[in-house]
Amino acid sequence: VTLPAAAAGKSKSPLTRAAPLSTPKSTAPPPLGRAVMDTLVWKDPLWSGGIFSCGIMAYGNLVWRGHTALSLVCGAALVHLIVSLATAFASALRASHSTSAAPQIDVNDLATRLDEIAAAANKAIAWYHTVLRGKDFSAAVYCVLLFSTGYKLGCNVSAPTLLIGGWLLAFTAPPTYRQHAKRIDRYIANGKAYVEQGLE
């Protein structure tokens, strides 16, 4: 007895013609550096605006209203607790028993983030080690200028002002650079060439 497929001269089994199984999409979070940069360049305006507004409100409460960091954290936790309890009581009155799982810390995700931070820190330490050894003299000059500027700012500008200035700069400089990248890169290259020429 011959099978119909063999009689027709076909040797392929139906199993070999089955569509390949689709691989599941990766749910791994983006790298930490890319996630931070996406926030600073306002890739998601709602998320970036929320983070930016939280920083401004925290600065206003700490500096203008005289709150301490402890009072600010405890006050936010108290508001969150009251709102959560009110929501739970309202759900009980409506006889709606919707339950949600408690959020958990992903150990693998946390380990990945720590590895990324450690790798970035090791890279920065290795670069600064070459500066300390005198192997990159132009970078040493940049560091001297940077540290001198930081020293002058620290002596003449208060820490809260530096914090809010850095916060505003962090959320305005990256999108500005993204819009005018070619022009800014040209200015930076010209300045670098001028410094290197002066060192020769």
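From a predicted model like this one, the values you see are computed outputs, not experimental measurements.

Criteria and cut-off values
Residues numbered from 1 in each chain as written. Predicted model: local features only at pLDDT ≥ 70, side-chain atom pairs only at ≥ 80, totals over all residues. Heavy atoms only, no water. Helix = DSSP H or I, 4+ residues; strand = E, 2+ residues; numbered from the N terminus. Buried < 20%, exposed > 50% of the residue type's maximum accessible area, 1.4 Å probe, protein only. Contact = heavy atoms within 4.5 Å. Areas by Shrake-Rupley, 256 points an atom, 1.4 Å probe, with all protein chains shown as cover. Phe/Tyr/Trp six-rings, centres within 6.5 Å; stacked < 30°, edge-to-face > 60°. Lys NZ or Arg CZ within 6 Å of the ring centre and 35° of its normal. Axes fitted to C-alpha atoms, helices over the stretch in contact; angles between N-to-C directions. Parallel < 35°, antiparallel > 145°, perpendicular 65-115°, else oblique. Nonpolar A, V, L, I, M, F, W, Y, C, P; charged D, E, K, R; others polar.

## Thoughts on the overall build of the protein
Part 1 of the argument: Counting secondary structure elements, the protein contains eight helices and zero strands.
Part 2 of the argument: Walking the protein from its N terminus toward its C terminus, one meets helices and strands in the order α-α-α-α-α-α-α-α.
Part 3 of the argument: Put simply, the protein has 200 residues, and 10% of those count as buried.
Part 4 of the argument: At a minimum sequence separation of 6, the contacts of the protein that also span at least 24 residues come to 59%.
Part 5 of the argument: Split by element, the accessible area of the protein, about 16,700 Å² in all, is 68% carbon and sulfur.

## With respect to the packing of aromatic side chains
Part 1 of the argument: All told, the structure shown has five aromatic pairs when counted by the stated rule.
Part 2 of the argument: Taking the centre distance of 6.4 Å and the plane angle of 40 degrees together, the rings of Trp127 and Tyr128 count as tilted.
Part 3 of the argument: According to the relative accessible area criterion, Trp127 is partly exposed, its value standing at 41%.
Part 4 of the argument: Among the aromatic residues, ring-to-ring pairing joins Trp42, Phe52, Trp167 and Phe171 into one connected group.
Part 5 of the argument: When the ring centre of Tyr187 is taken as origin, the NZ or CZ atom of Arg186, which lies over that ring, is 5.7 Å away.

## Concerning the packing of helix H5 (residues 107-132) against helix H6 (residues 137-156)
The axes of two packed helices give the description: the angle between them and the distance between them.
Part 1 of the argument: In the contact formed by H5 and H6, the axes pass within 9 Å of each other and the chain directions differ by 100 degrees. It follows from the interaxial angle that H5 and H6 lie roughly perpendicular. Seen from H5, the contacting residues are Trp127, Tyr128 and Val131; seen from H6, they are Ala139, Ala140, Cys143 and Phe147.
Part 2 of the argument: Across the contact of H5 with H6, the residue classes tally to seven nonpolar, no polar and no charged.

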